[in-house]
Amino acid sequence: EPEVTQTPSHQVTQMGQEVILRCVPISNHLYFYWYRQILGQKVEFLVSFYNNEISEKSEIFDDQFSVERPDGSNFTLKIRSTKLEDSAMYFCASTKGTSSSYEQYFGPGTRLTVT
Amino acid sequence: RKEVEQDPGPFNVPEGATVAFNCTYSNSASQSFFWYRQDCRKEPKLLMSVYSSGNEDGRFTAQLNRASQYISLLIRDSKLSDSATYLCVVIRSYNTDKLIFGTGTRLQVFP
């Protein structure tokens, strides 16, 4: 069964450094998302991406964040200058987005630790 | 008021028990509804979509009551492997596809 994959599984970085989190969505899916989950809290939406552009973003997704689909398979989240409060699990998700299925499937996540 | 509210639990039940979780949502325009399960420090995994007519998948039954803005999940014949956090998830309207998550209800099934 096709799956969303993410790398790395764990990233440790120092405050102020840039990080890039990578995702490979399910191959026939057209809509891509990033969510995050701070330890002990609920999953929160960051951004959605369709047709090579951002379709929606949350107030968390400020100028420090950017997303890109650099080729036909990868989908990346970049944080330009990490802060301590960016420490969280970051999940990538994808969906076909057809009228019969808006079900989103999640990758295993990248645990980001900012020190 | 939280957009999606769930009882955090934990619900501690013996194997074989039937357990029910409820969830309420505040936005009456909400269009799509899901139950996900999440194991500790893992990704949310889709358990089932919830349809207006109700739907069943093996031991799991989901119901939607639009008038009361309420979603339920029933698990019959609980297994040890059902121990997890169950997340109620909503899509707010036709203009968005972002998932709004509840904080989850923790289930612990004991032998």
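Everything below is about the structure shown above.
Quick caveat: nothing in here was measured; it's all calculated off a predicted structure.

Q: Quick question: what am I supposed to make of the interface of chain B and chain A here?
A: How big an interface is tends to be reported as the loss of accessible area on association of its parts. Tallying the contact residues gives 17 residues for chain B and 20 residues for chain A. Of all residues in chain B, the largest losses of buried area upon contact with chain A belong to Arg41, Asp97 and Phe101 of chain B, amounting jointly to 33% of the total for that side. Between Glu56 of chain A and Lys98 of chain B there is a salt bridge whose closest N-O contact spans 3.8 Å. Looking at side-chain class alone, the side of chain B that touches chain A contains 7 nonpolar, 5 polar and 5 charged residues.

Q: Teacher, can you tell me more about the sheet that holds strand 3 (residues 19-25) of chain B here?
A: The strands making up a sheet associate through backbone hydrogen bonding, with each pair oriented either parallel or antiparallel. Residues and elements named next belong to chain B. Taken together, 5 strands build an open sheet; the order of strands is 1-3-8-7-6 and the sheet is antiparallel. The strands lining the two open edges of the sheet, one partner per strand, are strand 1 (4-6) and strand 6 (55-57). Pairwise comparison of adjacent strand axes, ignoring direction, gives a mean angle of 20 degrees for this sheet. Here strand 3 pairs with strand 8 (residues 70-75) via 6 bridges, running antiparallel. Bridging from a neighbouring strand, Phe21 pairs with Leu73 of strand 8.

Q: Help me understand the nonpolar core in this model?
A: The nonpolar side chains of a soluble globular protein tend to be buried with one another. Membership of the largest hydrophobic core comes to 24 residues, with the highest contact counts inside it found for Phe21, Trp35, Ile71, Leu73, Ile75, Tyr86 and Leu107 of chain B. Grouped together as the second largest cluster of nonpolar side chains are 22 residues, Ile26, Phe65, Ile79 and Tyr90 of chain A included.

Q: Please clarify how the packing of aromatic side chains should be interpreted in this entry.
A: Ring pairs (aromatic) are described by centroid distance and by the angle formed between their planes. The final tally for this structure, using the stated rule, is 17 aromatic pairs over all chains. When the ring of Tyr35 of chain A is compared with that of Phe45 of chain A, the centres are 5.7 Å apart and the planes differ by 70 degrees; the resulting orientation is edge-to-face. Here Tyr35 of chain A is found in strand 4 (residues 31-37), whereas its partner Phe45 of chain A is found in strand 5 (residues 44-50), with 10 residues between them in sequence. The two residues Tyr35 of chain A and Phe45 of chain A agree in class, both being buried. On the basis of an interplanar angle of 65 degrees and a centroid distance of 6.4 Å, the ring pair of Phe34 of chain B and Tyr36 of chain B is categorised as edge-to-face.

Q: Hey, could you run me through the sheet that holds strand 7 (residues 65-68) of chain A in this one?
A: Residues and elements named next belong to chain A. Spatially, 1-3-8-7 is the arrangement adopted by the 4 strands of the open sheet, whose pairing is antiparallel. Edge strands, defined here as strands with exactly one partner in the open sheet, are strand 1 (5-7) and strand 7. Taking the axes of each pair of neighbouring strands and ignoring which way they run, one obtains an average angle of 20 degrees across the sheet. The pairing of strand 7 with strand 8 (residues 75-79) spans 4 bridges and is classified as antiparallel. Across the sheet, the residue bridging to Ser66 is Lys78, located in strand 8.

Q: Could you clarify how one ought to interpret the pattern of salt bridges in this entry?
A: Two side chains with opposite charge may pair up if their charged atoms get near one another. Residues and elements named next belong to chain B. Considering all chains together, one arrives at 8 salt bridges over all chains under this definition. Across the salt bridge formed by Asp82 and Arg59, the nearest N and O atoms sit 2.8 Å from each other. Taken as a pair, Asp82 in the loop between strand 8 and strand 9 (84-91) and Arg59 in the loop between strand 6 and strand 7 (60-65) lie far apart in primary sequence, 23 residues in all. Looking at Arg59, the relative accessible area reads 22%, which means it is partly exposed.

Cut-offs applied
Residues numbered from 1 in each chain as written. Chains lettered and ligands numbered in written order. Predicted model: local features only at pLDDT ≥ 70, side-chain atom pairs only at ≥ 80, totals over all residues. Heavy atoms only, no water. Contact = heavy atoms within 4.5 Å. Buried area = accessible area lost by both parts, 1.4 Å probe. Salt bridge = Lys/Arg side-chain N within 4 Å of Asp/Glu carboxyl O. Nonpolar A, V, L, I, M, F, W, Y, C, P; charged D, E, K, R; others polar. Pairing = 2+ DSSP bridges. Helix = DSSP H or I, 4+ residues; strand = E, 2+ residues; numbered from the N terminus. Axes fitted to C-alpha atoms, helices over the stretch in contact; angles between N-to-C directions. Core = buried A, V, L, I, M, F, W, Y, C linked by side-chain atoms within 4.5 Å. Buried < 20%, exposed > 50% of the residue type's maximum accessible area, 1.4 Å probe, protein only. Phe/Tyr/Trp six-rings, centres within 6.5 Å; stacked < 30°, edge-to-face > 60°.

In short, the description is geometric, and any link to function would need to be established separately.
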